[in-house]
Amino acid sequence: MTTTSAGPSATAAASGDLRIWVNGTLYDDPAAATIGAADHGLVVGDGVFETLKVLPDGPFTVGRHLDRLTRSARLLALPDPDHDQAREAIDAVLADRTYGLGKIRITYTGGRGPLGSQAPFGPPTLVVAADSVEPMEPTTAIVTAPWTRNERGALAGVKSISYAENVRALAFAAERGGTEAILINNAGHVCEGTGSNIFFVFGDDLVTPTLEAGPLAGITRSLVIEWCGVREADLTEAEARAADEVFITSSLRDVQGVHRWDDQEYPTTRSAELAQIFAERSAADLEP
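Residues numbered from 1 in each chain as written. Predicted model: local features only at pLDDT ≥ 70, side-chain atom pairs only at ≥ 80, totals over all residues. Heavy atoms only, no water.

**Student:** Help me understand the overall build of the chain, please; the structure alone is not making it clear to me.
**Tutor:** In terms of helices and strands, the chain carries eight helices and 16 strands. Taken over C-alpha atoms, the radius of gyration comes to 19 Å for the chain, in line with the 19 Å a tight globule of 288 residues would show. By its C-alpha atoms, the chain is 55 × 45 × 35 Å across when sized along the principal axes. Across the 288 residues that make up the chain, the buried fraction comes to 49%. For the chain, restricting intrachain contacts to residue pairs at least 6 apart in sequence, the fraction spanning at least 24 positions comes to 67%. Just so you have it, the chain exposes about 13,100 Å², and 52% of that area is on carbon and sulfur atoms. Charged side chains of the chain number 23 positive and 40 negative; the gap between the two group centres comes to 3 Å. (Helix = DSSP H or I, 4+ residues; strand = E, 2+ residues; numbered from the N terminus. Rg over C-alpha atoms; globule rule 2.2 N^0.38 Å. Buried < 20%, exposed > 50% of the residue type's maximum accessible area, 1.4 Å probe, protein only. Contact = heavy atoms within 4.5 Å. Areas by Shrake-Rupley, 256 points an atom, 1.4 Å probe, with all protein chains shown as cover. Lys, Arg positive; Asp, Glu negative; His and termini not counted. Charge placed at Lys NZ, Arg CZ, Asp CG, Glu CD.)

In structure tokens:
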């Protein structure tokens, strides 16, 4: 592995927490970390990614995230990523960290390719970055996006770097005081957030949309299903809004209660209990 330093800007950048590794090189100056202009991930969004949480004791659920990275890569007909190399990169970007709570972003693309949608030439590009983060608020507001999710599309269930649709929906939510946008699928069922899964509390019953509805199979979603006893069902927006409580999950949000969905207010008592269960279980085992 190579470590680089570059001029005065490297000193300034090195005082921050962001560290980036690209194809075997760890950069002291994050601004010096680059990929080729003809990389297929940049040209047509031909790539996949993972974001995972870093706890004081280390990164959480690395194995599950790398397995999903491979599943996503196969669905885009990309070569399987090298898990050992990815783990080495994770260790490199976390070495000597001074923060307790952080995040890792793994980006894997087809590498150099044509200036169009034909298959990339390769070899693939692997980028691993780590940075510190602030804790999420225990509850949040969500907004229904005006666009639908295509549950039968080629990217359904793929954690693709083609994220412009999500960027647009999240901006729509932010303009209306939300931190997440919820997408309904083409069949009229609640699907997911731009970067989260959604759950509903009906009395003692916990429900989340089925994978057939088109959401990403979230890592936190899977753990909440395992640890908290959740059933999967397709719900219309009206059925979902009738829930006693609503919460969303993701690798950085963990379990986050929803106190407002559009103009509707919700309590978050059960959500807080589930968040505590998740916090305790995740702190006890980094690779559940």
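Picking up where we left off.
**Student:** How should the nonpolar core be read in this particular structure?
**Tutor:** The tendency in soluble globular proteins is for nonpolar side chains to be buried side by side. Among the nonpolar cores identified, the biggest contains 24 residues, and Trp21, Leu94, Ile104, Ile106 and Val128 are the most heavily contacted of them. When residues of this core are assigned to their parent elements, the largest contribution, six residues, is made by helix H4 (residues 83-94). Those residues in contact with Leu94 that sit more than four places away from it in its chain are Val54, Pro59, Tyr99, Ile104 and Ala130. (Core = buried A, V, L, I, M, F, W, Y, C linked by side-chain atoms within 4.5 Å.)

**Student:** What's the story with the environment of Pro123 in this structure? I'm lost.
**Tutor:** Structurally, Pro123 can be placed in the loop between strand S6 (102-109) and strand S7 (125-132). Taking relative accessible area as the criterion, Pro123 reaches 65% and is therefore assigned exposed. Residues Pro123 and Glu265, spaced 142 residues apart in sequence, show a C-alpha to C-alpha distance of 50 Å.

**Student:** How should I be thinking about a negative patch on the surface in this particular structure?
**Tutor:** On the surface, Asp82, Asp84, Glu88 and Asp91 cluster together to form a negatively charged patch. Here Glu88 shows up in helix H4. With a relative accessible area of 56%, Glu88 lands in the exposed category. (Patch = residues over 30% accessible without salt bridge, like charges linked within 9 Å, V, L, I, M, F, W, Y side chains within 5 Å. Salt bridge = Lys/Arg side-chain N within 4 Å of Asp/Glu carboxyl O.)

**Student:** Which parts of the structure should I look at to understand helix H8 (residues 269-284)?
**Tutor:** Because the α-helix completes a turn every 3.6 residues, residues three or four places apart line up on one side. Counted at 1.5 Å a residue, the expected span for H8 with its 16 residues is 22 Å, and the 23 Å between its end C-alpha atoms agrees. All buried positions along H8 are accounted for by Ser271, Leu274, Phe278 and Ser282. Along H8, the residues classed as buried sweep out an arc of 65 degrees about the axis, all on the same side. Away from its buried face, by an angle of more than 90 degrees, H8 presents the exposed residues Thr269, Ala283 and Ala284. Those residues of H8 that are buried are in contact with strand S4 (47-55), strand S12 (205-208), helix H6 (219-228), strand S14 (245-250) and strand S15 (254-261). (Expected span 1.5 Å × (residues − 1). Arc of directions from axis to C-beta.)

**Student:** Hey, could you run me through the packing of aromatic side chains in this one?
**Tutor:** To describe a pair of aromatic rings, one takes the distance between the centres and the angle between the planes. As enumerated under the stated definition, the model contains six aromatic pairs in all. Taking the centre distance of 5.2 Å and the plane angle of 85 degrees together, the rings of Phe49 and Tyr163 count as edge-to-face. Residue Phe49 is found in strand S4, and its partner Tyr163 is found in the loop between strand S8 (139-149) and helix H5 (164-174); the two are separated by 114 residues along the sequence. Residue Phe49 is classed as buried on the basis of its relative accessible area, which comes to 4%. Their ring planes at 45 degrees and their centres at 5.3 Å tell us that Trp227 and Phe278 sit as a pair that is tilted. Of the two residues, Trp227 sits in helix H6 while Phe278 sits in helix H8, which places them 51 residues apart along the sequence. Accessibility expressed as a relative area gives 16% for Trp227, which makes it buried. Three or more aromatic residues joined by ring pairs make a cluster, and in this case those are Phe60, Trp227 and Phe278. It is Arg176 that lies over the ring of Phe172; its NZ or CZ is 3.6 Å from the centre. (Phe/Tyr/Trp six-rings, centres within 6.5 Å; stacked < 30°, edge-to-face > 60°. Lys NZ or Arg CZ within 6 Å of the ring centre and 35° of its normal.)

**Student:** Whenever I open this one, H4 confuses me. Can you help?
**Tutor:** With 12 residues, H4 should cover 16 Å at 1.5 Å per step; its first-to-last C-alpha distance of 16 Å lies within 8% of that length. If you check which residues of H4 are buried, you get Ala86, Ala89, Ile90, Ala92, Val93 and Leu94. Taken from the residues just after H4, Asp96 is the one with a positive phi, measuring 60 degrees.

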